[in-house]
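The lines below spell out each chain.
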Amino acid sequence: MPLMGSLYVGSSGLQTSQNALNTTAHNLSNMDTTGYVRQQVQQSTRSYMTLAVNAKAISNQETGLGVTYSRVKHIRDYFLDKAYRRESGRSMFYQVSSEVMTEVEDQLGEMNGEAFQGTLTDFWTSIQELAKDPTSAVTQGLFVQSAVEFVEKAQAVYGGLKAYQDNLNAQVKDQVDTINAYGKKILALNEAIRGIETGGIESANDLRDARDQLLDELSQMVDIDFGEDIRGNVWVKVEGTDFVKGERCYEIGLDVDENTGFYTPFWIQDATYRTRADGTREYIIDGAEVFNLKKEISSNLNTDIGGLKAILLARGDHRADYTDVANEKVYGDVSQSILMNVQAEFDQLIHNVATKVNEILATAAGVKQAEADVLASDGTILVKKGEYYCENNVGGYMRKDDGSPVQMFTKVSSDGYRKVTGKVDVKDENGNVTGQEDVEFWVYNEENLDNPRDAQETLYSIQNLQVDDELMQKPSMLGFRLEDGSEDKATAESLKAAFMEEEYSLNPNVKKKASLVDYYDDLVAQIANSGYAFRSIYTNQEGTVESVYAAREQVSGVSSDEELSNMIKFQNAYNASSRYINVLDEMLEHLLSTLGV
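Because the structure is predicted, anything quoted here is derived from the model rather than measured.

Colleague: Is there a simple way to think about the sheet that holds strand S7 (residues 241-245) in this case?
Modeller: Whenever strands of a sheet pair, they do so through backbone hydrogen bonds, lying parallel or antiparallel. Pairing is antiparallel across the open sheet formed by four strands, whose spatial order is S5-S6-S7-S8. The two strands at the open ends of the sheet, each matched to only one other strand, are strand S5 (224-228) and strand S8 (248-249). Where S7 meets S8, two bridges bridge the pair, whose relative direction is antiparallel. Across the sheet, the residue bridging to Val244 is Cys249, located in S8.

Put into structure tokens, the structure is as follows:
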């Protein structure tokens, strides 16, 4: 090979070593950059120059033209990436769940001295004091005042749970907006990477790092599948549905519930719609929801992945009340939601206390159940069989000035009793009708449990409960004196006994019966146990994530020691190429000088 041609060999060594040093420096400078993956230099020989061809020889006579910087390898492991993203998504699911349980514990106030337990205990104490001296104005006033505090504190706790639901709902919107933004960024990075790598000369490794980091963050919010096509485009599926594919990002829409304002993520491309008069679209999302929240949550089924799903499950789809735990079939849809479950069980306690106290007071007022229809003279039904009623100012003493039975706890949006009037026949001893007389009944307004979502005003629930205004101003209305003037200790003792009867359970899945006094303790214990379980799973899952992350870092992370070793190696290679060129230069100078002489 001519000496002048040999210079190309040396210059290729210089150029390749310089490029390798640049890559090593790039690795070192990005050691702490989030999402950065180590880049590895790959070198190869340049094409050979054929000097002679001899068919009888083992090989042709060839000479090399030096070394080339063939490519910069992007060091990643697809399987470790997939494992990391799945486990980090599962970790985020349990992190959100444990955070929600912690917030619920704070809302109940058991850890900061503002516990609802204290209010419930005060109410129970006032009933015990009332049983000792029911006719005392002091014990009656304490009973009513404790009931007021009981309702106010219950509404404060329930209001806090509702506010946290709204907070989670806002997080749903934020996360969906972020997911859509990530989808668009991935699409833009696909295009940029494709544009750089189309010629097959240059690798867009830094852009690939940015895209992979988006996939890492996306996997924490939702369950994703991903892959790369032959053109270098990454495709992404969210919950098994195409999210980024080809030249398009299929955005997630948000349907807003008119009553609660709760967001439901749905696939816009899968939903149908009708156009309103103002030109906007009203989407019908049945079957187009991103998440199927009725599926069992299980690691075996991989249904416990993604923070967004955890937020939606914790928030639920409505404000729950005691009717959600009264029916086993309905409870199945509520049980997986942390907040709805606590709301329903807590409201059930308040409902049981209110209705039990009212029931005992109603008995003292003479309220009874109709054994048959009570008819007016013209056949009109005044009181249906099975309804609770009492005749105006007849029987019982615990009445208001208008004759209606006294209720400790009343509904805000509807009356506890309705007044019905009619004429009934008056009969003599022989059963003969001798005339007619006007009668007035107070009939108990039953709660509408057939369709409680649309009849909230009929329920004795926290959101529709108050202590009777007239009773607050005049606690002595309770009286606790029978019509003959004697003290009614039986009713006071019935109130006391009602709190000790073990006939209440938290939900249809719990068989243990508790009294009203112990019910709240069971609720708090259930929340504490669930919180401990979520935190334990989250802690274990964090260990799994760290293990997978460490394995991934061993493959793709930048090691300063390794890079410094590479830097010394490439620097020595650069120096060797430089000395090679110097030697050639000296030889050429010597030859030219000699020939010139």
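Colleague: Looking at this structure, how should I read the packing of helix H3 (residues 116-132) against helix H4 (residues 137-197)?
Modeller: Axis angle and axis distance: for two packed helices, these are the angle between their axes and the distance between the axes, and together they describe the pair. Two elements in contact, H3 and H4, have axes separated by 9 Å at closest approach and are oriented at 160°. The orientation of H3 with respect to H4, classified from their angle, is roughly antiparallel. In terms of crossing hand, the pair formed by H3 and H4 is left-handed. Across the interface between the two elements, Phe116, Thr119, Leu120, Asp122, Phe123, Ser126, Ile127, Glu129 and Leu130 of H3 pack against Thr139, Gln140, Leu142, Phe143, Ser146, Ala147, Glu149, Phe150, Lys153, Ala154 and Val157 of H4. For the contact of H3 with H4, the per-class residue count stands at 11 nonpolar, five polar and four charged.

Colleague: Before we go on, may I ask you to explain the packing of aromatic side chains in this structure?
Modeller: In this description, a pair of aromatic rings is defined by centroid distance and the angle of the planes. For the coordinates displayed, the defined rule picks out 20 aromatic pairs. Note on Phe123 and Phe150: the rings are 5.3 Å apart at their centroids and 20° apart in plane angle, and the pair reads as stacked. With a gap of 27 residues between them, Phe123 in helix H3 and Phe150 in helix H4 connect regions that are remote in the sequence. Exposure class is identical for Phe123 and Phe150. Each is buried. Where Phe123 meets Phe409, the ring centres are 6.2 Å apart and the plane angle is 80°; that geometry is what we call edge-to-face.

Colleague: I keep staring at the pattern of salt bridges and nothing clicks. Help me out?
Modeller: As a working rule, side chains carrying opposite charge can pair if their charged atoms are close by. Enumeration over the complete set of coordinates arrives at 30 salt bridges. One salt bridge in this structure joins Arg76 and Asp212, with 3.4 Å as the shortest N-O distance. Within this pair, whereas Arg76 is found in the loop between strand S4 (67-74) and helix H2 (78-108), its partner Asp212 is found in helix H5 (residues 205-221), the two being separated by 136 residues in sequence. In this structure Asp212 comes out as buried when scored by relative accessible area, which is 10%. Members of the salt-bridge network, linked through shared partners, are Arg76, Asp81, Arg85, Asp212, Asp216 and Arg552.

What counts and what doesn't
- Residues numbered from 1 in each chain as written.
- Predicted model: local features only at pLDDT ≥ 70, side-chain atom pairs only at ≥ 80, totals over all residues.
- Heavy atoms only, no water.
- Pairing = 2+ DSSP bridges.
- Helix = DSSP H or I, 4+ residues; strand = E, 2+ residues; numbered from the N terminus.
- Axes fitted to C-alpha atoms, helices over the stretch in contact; angles between N-to-C directions.
- Parallel < 35°, antiparallel > 145°, perpendicular 65-115°, else oblique.
- Left-handed = near helix turned anticlockwise from the far one by under 90°.
- Contact = heavy atoms within 4.5 Å.
- Nonpolar A, V, L, I, M, F, W, Y, C, P; charged D, E, K, R; others polar.
- Phe/Tyr/Trp six-rings, centres within 6.5 Å; stacked < 30°, edge-to-face > 60°.
- Buried < 20%, exposed > 50% of the residue type's maximum accessible area, 1.4 Å probe, protein only.
- Salt bridge = Lys/Arg side-chain N within 4 Å of Asp/Glu carboxyl O.

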